[in-house]
Amino acid sequence: MVSYSYSSSNLLSSFVLCVVLVANAFQWFTSDATSTLMVDGSPNSGRPIPNTFLGAFFEEINHAGAGGLWAELVSNRGFEAGRGSGSPSSIYPWRVIGNESLISVSTDLTSCFERNKMALRMEVFCNGPKSCPPAGVGVSNPGYWGMNIEKGKKYKLVMYVKVKASGPVDLQVSLTGSVHRVNMASIISFSVMTDNNILKWIKLEGILESKATNHNSNLQITTTTRAILWLDQVSLMPLDTYKGHGFRMDLFKMVADLKPKFLRFPGGCFVEGYYLKNGFKWKNTIGAWEQRPGHYGDVWKYWTDDGFGFFEMLQLAEDLGALPIWVFNNGMSIGEEVNMSALSPFIQDALDGIEFAKGSPSSKWGSVRASMGHPEPFDFRFVAVGNENCFPHHEVHYQEKYFKFYDAIKRAYPEIRIISNCDGSKTPLNHPADLIDFHIYPNNSMDMFSKYSVFDKTSRSGPKVFVSEYAVVKDDARNGTLLAALAEAAFLIGLERNSDIVHMVCYAPLFINKNGRYSWIPDAIAFNSHESYGTPSYWVQQLFSESSGAIYLKSTLQTSSNSIVASAIGYRSSQDSKTYLRVKVVNFGSEIEKLRITINGLSSNVQQSRSTKTVLTSSNKMDENSFSQPNKVVPRKSALENASNNMVVSISPYSVTSFDLLVV
């Protein structure tokens, strides 16, 4: 039996360097293969792919967090969202229950929370069952296009209330269906009263247990008592989030199934804002959720209460087993930037953020992290200085600022690896960096397919490459087509081949709430209040999930086709801990391709037992997945009956195929 070692100190003892060649399309007419992939499986002669190769990128776009991965069900829980839209008195999406003769609803600045002063004021004119409707009057919240309430599950309610009344005020909190206000859960009743004529805010908490399922429910707060009531910071969270950390279970699992080795966050343009005042300010997103002011994301045009803040993103990375990569604001936004004389607060903010993430629990910002329940430092190793700020018209200003950040961070934290926005893939950088940030969004799939060689000539003496955003967009991609995914698969094969210089890669964007106003398509994962599915691009990423830390094998493709790209890796399976060779082949053409795969250098034969073939394809290259057909384009796995060291296989038109060959 052949033996390969996968210890971190001995990865080079397994497999060798890979060369992938591409040539012209053809149609086969005989049973003999007309293309051959020669793979060298000799031990002790390989090159490891970095352990950080494949990761994920989270940005607050398309309601990815607010109304998505972050499981908070109440939208605009602090009544602050109107400030972002320019209409401070707006309480959208809250709705009033009762007509103007029964209740008056407005907002004022009387909240007990200093950083978000807006509160909801309800003046109730009716009193008791004779003048009030049986169910009372008040307000309701539909969440993010309907709350998903499921039978038997529990939901934690927290809200802050202040009352002015002559006696006790009854409050009922319930979950209702979208039709006829049918109660979906047990009703929580509170009795609140003024304390010695002193108006005081009180915190109310309770558990709502659902007795039915409705994917389009509302949270309802009502009363039948004449009074003036104020509400603020109304939260409803499912109790079954991942580890109780607030992450929606199905969406967390979909990300976890990619086996990401890093998590880039929080953007993207979300970091910058169009104006600096609307950029992501991490200090406003930590601490008690009630105290977070929230902010308007003026690039993607919606408000977020920042319940999913800096701490939660660090926690998400840890829960995924991924290294966090923090992209911070460097004093530049899409529409403006600060002068060099005003840069110091931004530098200090970055240093403070690093201390929050990895500092001692006795340090200033490390102690804040510890107070939030995480005394141990996060495994924090990377920062990116800004996002997409090194375009030609900004390059000089970006570099001036970059040097200041670089020097300050390296002086305080020499072990932190710093990522520059400037592209060093074609010409060397003129400033120090550990990695360069590379984004690519071709408008057509053929362009992306051809980019498999984009890093072939990149200097190996400079910084490593981080491909932190890639995707095919526009007509070839639509909402996520097979065609776009295949082009991206070829691109990823090229990145594997160049993984001596390309150390990290992640797709963008990760999520889209299909109920919302689309800010960006396509995306990897689509969802609504209760369903989710992966686009073909998501499934392509899964086919590369074993590449991180694998061994890239030397392979030579002999063919006359310009539609095929192929590669081979050796890896130890995370499922059965056995060693496999994985041969991936992209057929970007309309004809079946017959391929002979020959593996040399093994001390034993490929074992047919447990060897499999996984194919991602469909009847039409423009096919997409949807809620009605979530599995229309997904990988199909089957036994590989002719698995051997020398075998002929058929590669379907417009497909990516993974042959997993058991070696040990």
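Everything quoted here is computed from the prediction, not taken from an experiment.

### What about the packing of helix 9 (residues 482-497) against helix 10 (residues 536-543)?
For any two helices packed against each other, one specifies the inter-axial angle together with the distance between the axes.
Here's step 1: Relative to each other, helix 9 and helix 10 sit at 30 degrees, their axes nearing to 8 Å. As judged from the angle between their axes, helix 9 and helix 10 are roughly parallel. For helix 9 against helix 10, the interelement crossing comes out right-handed. On helix 10, the residues that touch Leu482, Ala485, Glu488, Ala489 and Leu492 of helix 9 are Pro536, Ser537 and Val540.
Here's step 2: A breakdown of the residues in the contact of helix 9 with helix 10 according to their chemical character gives six nonpolar, one polar and one charged.

### A look at the nonpolar core
Here's step 1: Val467 and Phe511 are the most contacted members of the largest nonpolar core, which has 119 residues in total.
Here's step 2: Ranked by residue count, the leading element in this core is helix 9, at twelve residues.
Here's step 3: Residues from two domains meet in this core; each of domain 1 (35-50 + 552-663) and domain 2 (58-69 + 242-443 + 518-545) gives at least three.
Here's step 4: Beyond its immediate sequence surroundings of up to four residues, Val467 is in contact with Phe438, Phe455, Phe491, Leu495, Val502, Met504, Val505 and Cys506.
Here's step 5: Membership of the second largest hydrophobic core comes to 40 residues, among which are Val74, Val137, Val161 and Phe190.

### Overview of the UniProt feature "domain: Alpha-L-arabinofuranosidase C-terminal" (unreviewed entry) in the chain
Here's step 1: Sites flagged by UniProt as "domain: Alpha-L-arabinofuranosidase C-terminal" (unreviewed entry) map to residues 468-655.
Here's step 2: Here residues 468-655 is 13% helix and 37% strand, with 25 Å between the C-alpha atoms at its ends.

### Considering the sheet that holds strand 15 (residues 262-265)
Here's step 1: Sheet architecture is open: eight strands sit in the order 3-15-18-19-20-21-22-23, paired in parallel fashion. Whereas interior strands pair on both sides, the edge strands pair on one side only; in this sheet they are strand 3 (56-57) and strand 23 (502-505).
Here's step 2: When strand 22 (residues 464-470) meets strand 23, the two strands line up parallel, connected through three bridges. Residue pairing for strand 23: Val465 is matched across the bridge by Val502.
Here's step 3: Of the strands in this sheet, strand 15 and strand 18 (323-328) touch helix 4 (residues 310-320), which is tilted by about 160 degrees from strand 15.

### Digging into helix 5 (residues 344-358)
Here's step 1: Between its first and last C-alpha atoms helix 5 spans 21 Å; for 15 residues at 1.5 Å apiece the expected length is 21 Å, and the two agree.
Here's step 2: Buried residues along helix 5 sit in contact with helix 4, strand 18, helix 6 (364-371), strand 19 (382-385) and helix 7 (395-412).

The rules behind the values
- Residues numbered from 1 in each chain as written.
- Predicted model: local features only at pLDDT ≥ 70, side-chain atom pairs only at ≥ 80, totals over all residues.
- Heavy atoms only, no water.
- Axes fitted to C-alpha atoms, helices over the stretch in contact; angles between N-to-C directions.
- Helix = DSSP H or I, 4+ residues; strand = E, 2+ residues; numbered from the N terminus.
- Parallel < 35°, antiparallel > 145°, perpendicular 65-115°, else oblique.
- Left-handed = near helix turned anticlockwise from the far one by under 90°.
- Contact = heavy atoms within 4.5 Å.
- Nonpolar A, V, L, I, M, F, W, Y, C, P; charged D, E, K, R; others polar.
- Core = buried A, V, L, I, M, F, W, Y, C linked by side-chain atoms within 4.5 Å.
- Buried < 20%, exposed > 50% of the residue type's maximum accessible area, 1.4 Å probe, protein only.
- Domains from an automatic or database assignment.
- UniProt positions renumbered as here; feature names shortened; annotations may be inferred.
- Pairing = 2+ DSSP bridges.
- Expected span 1.5 Å × (residues − 1).

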